Amino acid sequence: MLFERARQVFPGGVNSPARALKHLPSPLVAKAASGPYLYTDRGRLVDYCMAFGAIILGHAHPRVKRAVEEQLERGWIYALLTEQEVEFAEAIRRHMPSVEKMRIVNTGTEATMNAIRLARGYTKRDVIIKFDGNFHGSHDYVLVKAGSGAATWGIPTSAGVPQDVVKLTVVAPYNDVDAFLKAVREVGDRLAAVIAEPVAGNYGLIIPDAEFLKALREETKRVGALLIFDEVITGFRLGLGGAQGRFGIRPDLTTLGKVVGGGFPIGIFGGRAEVMDLIAPSGPVYNAGTYNAHPVSVAAGLAVLKELETGEPYRIADEAAGRLAKGIEDIAGRLGFDVVVKQISSMFQFYFKKGDVKTPQDVRESNEKMYLKLHEIALRHGVYLTPSQFEVNFTSATHTREVVEETLAALEKAFQQLKTEIG
Ligand SMILES: Cc1ncc(COP(=O)(O)O)c(C=O)c1O
């Protein structure tokens with residue numbers, strides 16, 4: 001079996017932990033993908049993971065494919081400036097005016113790492129505040145989680161992160177203005193930056209109150225720290241302006257990834273020109289990369305932006321997520337499950353719990369076992385929901401009405417089966 005071979009060569013048999021699907025005997029094995037579908041060792045599945053949000057036009061979109069093929073014809077790496085990357089950056093800046101200047105790197109992880117380094121270089125301060133349940137990639141500055149309750153000095157979520165680094169990352173509860181203000185007071189004049197997902201998509205889906213985001217903006221400004229919006233998920237997914245456009249908040253720095261690379265490796269950090277000009281070679285904060293602004297990723301990203309500019313992909317993807325959210329609520333309600341559904345644009349998630357979900361604590365209080373059980377049953381009915389309650393479901397421009405209807409019919413059966421199985 002492939003998984004056995006994989007286990008011999010990869011830790012846990014996979015190359016990223018979320019692919020392990022611990023509630024299943026073995027991970028899914030992909031063979032191909034097209035539109036809303038994944039073709040796997042379990043057959044054809046309607047995909048709601050969409051590479052953890054990297055795909056918004058649908059798998060193997062013809063326009064993206066053509067752009068990549070055309071790039072391949074011209075060679076695929078030069079490690080030189082290209083006209084295409086300037087055009088790409090200009091398009092990003094047009095849609096996200098806070099990103100006056102940017103650097104194009106290879107992953108969201110690199111983007112947040114560099115944004116934080118830059119904020120420290122700019123402010124000449126060393127402490128950052130991040131939020132419980134927000135994920136900014138897998139580097140030392142941000143692999144820190146909260147203790148419960150009020151802000152605490154961080155505890156690492158990974159072995160190997162030096163205590164001296166952890167000490168510089170304070171974790172505050174998400175979507176809690178008072179706790180955030182308290183954390184800012186505690187850190188005092190050492191605060192370099194606050195980094196936040198403006199809509200949290202790594203602890204299920206948590207949509208913050210507008211006042212929370214406003215408090216982040218006002219307070220960082222007041223104390224001379226920078227506000228970093230990590231829009232690796234939300235950038236170009238919640239519309240062309242991202243979460244910052246939607247909530248009307250202008251961060252100092254922004255990180256992008258996923259959608260903006262059309263499924264090819266990318267990360268971008270950018271923001272106020274005056275701050276970005278501290279990046280080498282124009283300033284003393286170092287960033288460099290052999291693969292920075294990789295021509296294939298840039299070609300794919302540019303093709304995605306051109307398609308998104310028509311508005312049509314958002315119309316289809318957002319409508320699909322809305323119909324699915326409503327449909328799941330209806331099915332669960334009819335069958336007597338307590339389920340909370342959250343949705344914004346083309347992101348949605350549901351939780352087996354009563355009440356509401358407004359904080360990571362609310363997510364922790366929901367019934368994860370039920371989610372995983374339903375996930376497993378839905379797979380048997382041809383639907384690949386996002387594989388954890390702590391992730392988000394994503395729709396794309398290929399999740400048409402027919403695909404959504406097909407999904408809801410399958411989910412109806414899955415919920416019924418879940419009811420039978422739990423008695
Ligand atoms: C909000 C956010 N920031 C950063 C990252 C890291 O991006 P990458 O996986 O490209 O390193 C992720 C990845 O899931 C993310 O969701």
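As the structure is a prediction and not an experimental result, all values here were calculated from the model.

Conventions and cut-offs
Residues numbered from 1 in each chain as written. Predicted model: local features only at pLDDT ≥ 70, side-chain atom pairs only at ≥ 80, totals over all residues. Heavy atoms only, no water. Domains from an automatic or database assignment. Salt bridge = Lys/Arg side-chain N within 4 Å of Asp/Glu carboxyl O. Polar contact = N/O pair within 3.5 Å; in protein donor to acceptor, adjacent residues only side chain to side chain. Helix = DSSP H or I, 4+ residues; strand = E, 2+ residues; numbered from the N terminus. Nonpolar A, V, L, I, M, F, W, Y, C, P; charged D, E, K, R; others polar. UniProt positions renumbered as here; feature names shortened; annotations may be inferred. Buried < 20%, exposed > 50% of the residue type's maximum accessible area, 1.4 Å probe, protein only. Contact = heavy atoms within 4.5 Å. Axes fitted to C-alpha atoms, helices over the stretch in contact; angles between N-to-C directions. Parallel < 35°, antiparallel > 145°, perpendicular 65-115°, else oblique. Left-handed = near helix turned anticlockwise from the far one by under 90°.

**Concerning the domain arrangement of the protein chain**
- For the protein chain, the assigned domains read domain 1 (2-60 + 311-422) and domain 2 (76-308).
- Computed from C-alpha coordinates alone, the two centres of domain 1 and domain 2 are separated by 26 Å.
- Summed over the shared surface of domain 1 and domain 2, the number is two salt bridges.
- When the shortest N-O distance is used, the salt bridge between Lys358 and Asp209 registers 3.0 Å.
- Inspection of the domain 1/domain 2 interface yields 15 residue pairs in polar contact (both at pLDDT 80 or more).
- Elements that contribute at least two residues to the side of domain 1 that touches domain 2 include exactly α2 (50-53), α12 (312-334), β14 (339-344), β15 (347-352) and α13 (360-364).
- Tallied by class, residues from the side of domain 1 that touches domain 2 come to 17 nonpolar, nine polar and four charged.

**Section: the UniProt feature "modified residue: N6-(pyridoxal phosphate)lysine" (unreviewed entry) in the protein chain**
- UniProt annotation of "modified residue: N6-(pyridoxal phosphate)lysine" (unreviewed entry) refers to Lys258 when read in the numbering used here.
- Tracing the sequence through the fold places Lys258 in the loop between β12 (253-257) and β13 (267-271).
- A residue is classified by how much of its surface remains accessible, and Lys258, at 24% relative accessible area, is partly exposed.
- Those residues within four positions of Lys258 in sequence are excluded, and the remaining contacts are Phe52, Gly53, Ala54, Val232, Ile233, Gly263 and Ile266.

**With respect to the packing of helix α4 (residues 83-95) against helix α11 (residues 295-308)**
- Look at α4 against α11: their axes get within 10 Å of each other, and the N-to-C directions meet at 40°. On the basis of the axis angle, α4 is oblique to α11. As for how α4 packs across α11, the hand of that crossing is left-handed. Of α11, the residues touching α4 (which contributes Gln84, Glu85, Glu87, Phe88, Ala91 and Ile92) are Pro295, Val298, Ala299, Gly301, Leu302, Leu305 and Lys306.

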